[in-house]
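Here are the chains, one letter per residue:
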Amino acid sequence: MSAPVAMQEDTEDSLYPIAVLIDELRNEDVQLRLNSIRKLSTIALALGVERTRKELIQFLTDTIYDEDEVLLVLAEQLGNFTPLVGGPDYVHCLLPPLENLANIEETVVRDKAVESLRKIADKHSAAALEEHFIPMILRLAQGDWFTSRTSACGLFSVAYARASPAQKQELRNAFRLLCRDDTPMVRRAATAKLGEFAKVLEPDYLKSDLLEVFENLAKDEQDSVRLLAVEAGIIIVALLKNERELATVKPIIKDLVEDKSWRVRYMAAEKIVEIQEAFGPQISADEIINWYTNLLKDPEGEVRDISATKLQAFCAALPKDQREKGIIEHILPVIKPLSSDANQHVKIALASVVMGLAPLLGEKSTVEHLLPIFLHMLRDETPEVRLNIISSLDKVSDVIGQYELTYSLLPAIVELAEDGKWRVRLAIVEYMPLLAEQLGQKFFEEKLLNLCMTWLTDHVYAIREAATGILKQLTEKFGIEWCQKSIMPKVVALANDTNYLHRMTCLFCFNVLAEVIGKDLIMSDFFPVLKKLAEDPVPNVRFNVAKTLSKIGKALDPNQTRAEVLPILNKFIEDSEFDVRYFAEESKNALGL
């Protein structure tokens, strides 16, 4: 083969990847175009850094028009392209395609382009930043379409610190104009990035330029702008050091907390602990408590709901010397009505955190002020409220001791456990394993075990079924020995009950306990009872013995199954009742006998 022919073939081979890419990117099938874009880095490696810069990037810049999902993948890929174009010295060549993507109408594509631009910003040298990156930000900030101006907002903070003094001035002016933009979407984007920009701004410019901008945004006619100003305000407060500087910001934050739009108040409530921590000792406990209690009393349920979730964190962040007084005198009088709020979401939120106040208040104040709230919420008609209170009992039991727990909270739990409405009883049955965990074995055994066993003979089937289910969970928690000593005698006694439904409950208990107690106990404790119940005069009991044997048989050795289970099943196959014969056959098949 002659040299010119070989060179021509090499050239054709080297052009192949870009040719395939161009073909695939022009294909009508979106999936094919997506796959092609996902392989960009492979294609760039095949082309080498120089051809990637000159051909691939140029091609991508010129042909950016496609389905949003293709552009989204492209925007993400370009953020990882720095080594593929020759490293930091050439990273600026990625700016043109990303700048085009930052102008696209679809928000997710723009956001991904901005994310990639932020990623490659620190790869630029100071000179490249000045020559290429900052001019691009200024172009985007002055674009005719709001899309480019919103994208620009996210780029100021990554470029400002390394800009020259003249360019810093340009960036500050451009950002100020974006904050006053006629389009609400642009003002929203600027407000969302205001705190980020404030962090890189020199303190003097923060006070002279940004405070005025922040005040205007916090008073914007659009509530979607004002609610974003809350987070920016928190960052600005944290950056300002002394009381005099904060004096100008505090009224602005207060206005946001008391805003006419519930969405803004919701955001303030969600961030109330961060507001509290940002101000620190520069705001009095009385003032911040006043802001918070107003949110707890808000006319909108959503605001009360989110405010209630912050109760424990807010109270924990109060100055120690003023905490107890603030909680008892100002916060609890507002919390008490919330425990009966018409909005159940508010009560659910409150129940999940109110117990957390006990460690902050100590034993005496907890008993005096919090216990009445706990007892009231324990009797709430909403199951989630009761569950949240019971789930948090450990926080109280550590503070008030077993005596108060026994004589205050437990009677309320027992009262619910014996409630006339079976659904209320059922809720308490389901909480029992949780209570066992909270109270410990000894205490549970003394105070609540008998209650659990009486549920096994409840007149409502759903209660009996739930009660058998919790026996397994209790055994897993307290161990097999405890089960043998505390549960088995009472379960076995049910086999002698005159009510056939209770004899069946004994079998249901065996079904669940067989999974946790092991074959030795099954042989010693279960089988004598099963043999007796196999002779029961009621067919329902006999066919349930057959069903129980299929579950127990799986926990035994094959030899034990043949020796103990098979004779009983064979006897059932000759039973006079069809159901008994049917379930005996089913059990034999299930055990492979």
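Residues numbered from 1 in each chain as written. Predicted model: local features only at pLDDT ≥ 70, side-chain atom pairs only at ≥ 80, totals over all residues. Heavy atoms only, no water.

- As recorded by an unreviewed UniProt entry, the protein chain carries the name Protein phosphatase PP2A regulatory subunit A and is attributed to Acrobeloides nanus.

## Quick look at the overall build of the protein chain
Alright, step 1. Across its full length, the protein chain carries 36 helices and zero strands.
Alright, step 2. For the protein chain, whose C-alpha radius of gyration is 36 Å, the value lies well above the compact-globule estimate of 25 Å for 593 residues.
Alright, step 3. With the C-alpha coordinates aligned to their principal axes, the bounding extent of the protein chain is approximately 95 × 85 × 35 Å.
Alright, step 4. Here the protein chain, with 593 residues, has 53% of them falling under the buried criterion.
Alright, step 5. Across the protein chain, contacts joining residues at least 24 apart in sequence account for 69% of those joining residues at least 6 apart.
Alright, step 6. Here the protein chain has roughly 27,300 Å² of accessible surface; of this, 51% comes from carbon and sulfur atoms.
Alright, step 7. Across the protein chain, the centroid of the 68 positively charged side chains sits 4 Å from that of the 90 negatively charged ones. (Helix = DSSP H or I, 4+ residues; strand = E, 2+ residues; numbered from the N terminus. Rg over C-alpha atoms; globule rule 2.2 N^0.38 Å. Buried < 20%, exposed > 50% of the residue type's maximum accessible area, 1.4 Å probe, protein only. Contact = heavy atoms within 4.5 Å. Areas by Shrake-Rupley, 256 points an atom, 1.4 Å probe, with all protein chains shown as cover. Lys, Arg positive; Asp, Glu negative; His and termini not counted. Charge placed at Lys NZ, Arg CZ, Asp CG, Glu CD.)

## Comments concerning the environment of V213
Alright, step 1. Note on placement: V213 falls in helix α14 (residues 203–218).
Alright, step 2. By relative accessible area, V213 is classed as buried at 5%.
Alright, step 3. Sequence spacing of V213 and E69 is 144 residues, and the spatial spacing of their C-alpha atoms is 36 Å.

## A short note on the packing of aromatic side chains
Alright, step 1. Under the defined criterion, the tally for this structure stands at 13 aromatic pairs.
Alright, step 2. Feature note: the residues F156, Y160, F175 and F197 constitute an aromatic cluster, connected by ring pairs.
Alright, step 3. The ring of F583 is capped by K547, whose NZ or CZ atom sits 4.9 Å from the centre of that ring. (Phe/Tyr/Trp six-rings, centres within 6.5 Å; stacked < 30°, edge-to-face > 60°. Lys NZ or Arg CZ within 6 Å of the ring centre and 35° of its normal.)

## Here's the deal with the pattern of salt bridges
Alright, step 1. Enumeration according to the criterion identifies 26 salt bridges in this entry.
Alright, step 2. Here E115 and K112 are joined by a salt bridge, their closest N and O atoms 3.5 Å apart. Residue E115 and its partner K112 are both found in helix α7 (residues 107–121); the two are separated by three residues, about one turn of the helix.
Alright, step 3. Judged by relative accessible area, which is 19%, K112 ranks as buried.
Alright, step 4. Taken together, the shared-partner salt bridges in this structure form one network comprising R118, K193 and E196. (Salt bridge = Lys/Arg side-chain N within 4 Å of Asp/Glu carboxyl O.)

## Thoughts on the packing of helix α35 (residues 558–573) against helix α36 (residues 578–591)
Pairs of packed helices are described in terms of their axes, by the angle between the two and the distance that separates them.
Alright, step 1. α36 packs onto α35 with a crossing angle of 150 degrees between their chain directions and a minimal axis gap of 8 Å. Classed by the angle they form, the pair α35 and α36 counts as roughly antiparallel. Regarding α35 and α36, the two cross each other, and that crossing is left-handed. Residues T561, V565, L566, L569, N570, F572 and I573 of α35 touch α36, and the partners they reach there are V580, R581, A584, E585, S587, K588 and L591.
Alright, step 2. Along the lines of polarity and charge, the residues of the contact of α35 with α36 split into eight nonpolar, three polar and three charged. (Axes fitted to C-alpha atoms, helices over the stretch in contact; angles between N-to-C directions. Parallel < 35°, antiparallel > 145°, perpendicular 65-115°, else oblique. Left-handed = near helix turned anticlockwise from the far one by under 90°. Nonpolar A, V, L, I, M, F, W, Y, C, P; charged D, E, K, R; others polar.)

## So, the packing of helix α34 (residues 539–553) against α35
Alright, step 1. For the pair α34 and α35, the least separation of the axes is 11 Å and the interaxial angle reads 155 degrees. Comparing the axis directions of α34 and α35 gives the class roughly antiparallel. As α34 runs across α35, the sense of the crossing is left-handed. Between α34 and α35, the residues in contact are R542, V545, A546, L549 and G553 and T561, V565, I568, L569 and F572, respectively.
Alright, step 2. Counted by class, the contact of α34 with α35 contains seven nonpolar, two polar and one charged residues.

## Remarks on a negative patch on the surface
Alright, step 1. Together, E67, D68, E69 and E105 give the surface a local cluster of negative charge.
Alright, step 2. With respect to the element layout, E105 can be found in the loop between α6 (95–101) and α7.
Alright, step 3. When its relative accessible area of 66% is taken as the criterion, E105 is described as exposed. (Patch = residues over 30% accessible without salt bridge, like charges linked within 9 Å, V, L, I, M, F, W, Y side chains within 5 Å.)

## Quick look at helix α33 (residues 519–533)
Alright, step 1. The end-to-end C-alpha distance of α33 is 19 Å, a good match for the 21 Å that 15 residues give at a rise of 1.5 Å each.
Alright, step 2. At F526, α33 shows its largest kink, close to 45 degrees, and the proline P528 lies no more than four residues downstream.
Alright, step 3. Where α33 is concerned, the buried positions are L521, I522, D525, F526, F527, V529, L530 and L533. (Expected span 1.5 Å × (residues − 1). Bend = angle between axes of the 7 residues up to and from the residue.)

## Brief notes about the confidence of the model for the protein chain
Regions with low pLDDT carry predicted coordinates that are not meant to be interpreted in detail.
Alright, step 1. Counting all residues, the mean pLDDT for the protein chain is 82, and 94% of those residues have values of 70 or more.
Alright, step 2. The model gives residues 1–14 a pLDDT under 50, and that stretch makes four contacts with residues more than four places away or in other chains. (pLDDT = per-residue confidence, 0-100.)

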